[in-house]
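What follows is the residue order along each chain.
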Amino acid sequence: MRRYAVFGSPIAHSLSPRIHTAFARQTGIALEYLAIEATRDTFPAILAASGVAGANITLPLKEVAFAHCRSVSARARRAGAVNTLTRTDAGWHGDNTDGAGLVRDLTERHGVDLRERRVLLLGAGGAARGVAPALLDAGIDALYVVNRNSARADALADALGDPARVHARGWDALPTLGEFDLLVNATSAGQTGTPLPPLPMALAAPRSVAVDLAYGRAAVPFTAWARAAGCAQALDGLGMLVEQAAESFQCWHGVRPDTDPVYADVRRLTD
Ligand code: ATR
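Residues numbered from 1 in each chain as written. Predicted model: local features only at pLDDT ≥ 70, side-chain atom pairs only at ≥ 80, totals over all residues.

Per an unreviewed UniProt entry, the protein chain goes by the name Shikimate dehydrogenase (NADP(+)) and belongs to Thermomonas hydrothermalis. Checking UniProt for the protein chain, the heading Subunit (unreviewed entry) contains the comment "Homodimer." (UniProt positions renumbered as here; feature names shortened; annotations may be inferred.)

Listed below in structure tokens is the structure:
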């Protein structure tokens, strides 16, 4: 039986084995899918020893995995990070399905029209880099990258190479930016336990949609803020997780699974 795995640290509570096993059952594909603990230092050796045909990569390994690839897709190159590895005769091929997963969750599951929208992206680390290109490709009008360390926001904006639409700002500029149609929290504040600096309520309007790329307890502070600020929808990253998994599943097996029942299952599990 072909073996697949998600690599990261910490990894014990990853939902990816449950999601991929459900997709496999649904599509009649025989596979084994494991969660394997690895750090930046141990990852190459553990990957080589694992015998997997494909891998999902999560925190903190997405940049290390990118550097480990023999070839990468255009969207992985733009993100500078890889969340999907496929074994080939030449070596590992890297892809990044995070941005496509977010856009599909927003547009198809939650009915959000991204065209010509004004978007706030909080954070400029790996998670922000993973989703920014797909948001631009979805036809948004403007992307404001706001980061505590404004030099990292500048670096991400430069890397995106779209100065007409992408603007970098420091956190102190938030009160001057007006309202956004979509607010994306791509910081790791919810995971690290260090709270986000205060967010002005004026960023949100009754039409606004807010989404935290994290899920579970890590998404609570930002989604609670979004509800208090009057956003139409305050979403977590669980839908994105299922959609990026479906996109990876399609890369490996050539079949797109039906994500709705699997999303309902993991939603029940995490609520
Ligand atoms: P990830 O891959 O999850 O993006 P990362 O590359 O370490 O992880 O980036 C973490 C992001 O969350 C950064 O944008 C970081 O801001 P800085 O670059 O200023 O450090 C942001 N972040 C983490 N904790 C934060 C907090 N408490 N408040 C604001 N931003 C925070």
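From this point, things continue past the structure.
Draft legend 1. Local environment of the overall build of the protein chain. A count of helices and strands for the protein chain gives 11 helices and 12 strands. Against the 2.2 N^0.38 benchmark of 18 Å for 271 residues, the protein chain shows a C-alpha radius of gyration of 18 Å, consistent with a compact globule. For the C-alpha atoms alone, the extent of the protein chain along its principal axes is close to 55 × 35 × 35 Å. Residue burial in the protein chain is summarised as follows: out of 271 residues, 46% are buried. In the protein chain, 63% of the contacts between residues at least 6 apart in sequence involve partners at least 24 apart. (Helix = DSSP H or I, 4+ residues; strand = E, 2+ residues; numbered from the N terminus. Rg over C-alpha atoms; globule rule 2.2 N^0.38 Å. Buried ≥ 20, exposed ≤ 12 C-beta atoms within 10 Å, placed from the backbone. Contact = placed C-beta atoms within 7 Å.)

Draft legend 2. Fine view of unusual backbone geometry. A cis amide bond links S9 with the next residue in sequence, P10, at an omega value of 0°. Position of P10 among the secondary structure elements: in the loop between β1 (2-8) and α1 (16-27). In the segment running from L59 into P60, the intervening peptide bond is cis, with an omega of 0°. Phi at E116 is positive, roughly 60°, even though this residue is not glycine.

Draft legend 3. Fine view of the sheet that holds strand β3 (residues 54-57). The six strands lie next to each other as β2-β1-β3-β5-β6-β4, forming an open sheet whose pairing is mixed. Bordering the open sheet on either side are β2 (31-37) and β4 (71-72), each of which pairs with just one other strand. Bridge count between β1 and β2: seven bridges; the pairing is parallel. In the strand pairing of β2, G8 is matched with E37. (Pairing = 2+ DSSP bridges.)

Draft legend 4. α1, seen in detail. Between its terminal C-alpha atoms α1 stretches 16 Å, which fits the 16 Å expected from 12 residues at 1.5 Å a residue. Within the sequence span of α1, burial applies to S16, I19, H20, A22, F23 and A24. Where α1 is buried, its residues meet β1, β2, β3, α10 (238-253) and α11 (259-270). Once α1 ends, the next one or two residues include G28, with phi positive near 70°. (Expected span 1.5 Å × (residues − 1).)

Draft legend 5. Structural detail: the UniProt feature "domain: Quinate/shikimate 5-dehydrogenase/glutamyl-tRNA reductase" (unreviewed entry) in the protein chain. The UniProt feature table records "domain: Quinate/shikimate 5-dehydrogenase/glutamyl-tRNA reductase" (unreviewed entry) at residues 108-191. Helix makes up 33% of residues 108-191 and strand 24%, and the two end C-alpha atoms of the span are 27 Å apart.

Draft legend 6. Here's a closer look at the environment of D258. Along the chain, the position of D258 falls in the loop between α10 and α11. A residue is classified by how many C-beta atoms lie within 10 Å of it, and D258, with 12 of them, is exposed.

Draft legend 7. Inspection of the site of the ligand at higher detail. Close contacts around the ligand come from 19 residues, with G125, G126, R148, N149 and T187 the closest. Among the elements of the structure, α6 (126-137) and α8 (189-192) are those that each provide at least two residues to the shell around the ligand. With three residues, the top contributor of residues to the shell around the ligand is α6. Class assignment for the residues of the shell around the ligand results in eight nonpolar, nine polar and two charged. (Near = placed C-beta within 6 Å. Nonpolar A, V, L, I, M, F, W, Y, C, P; charged D, E, K, R; others polar.)

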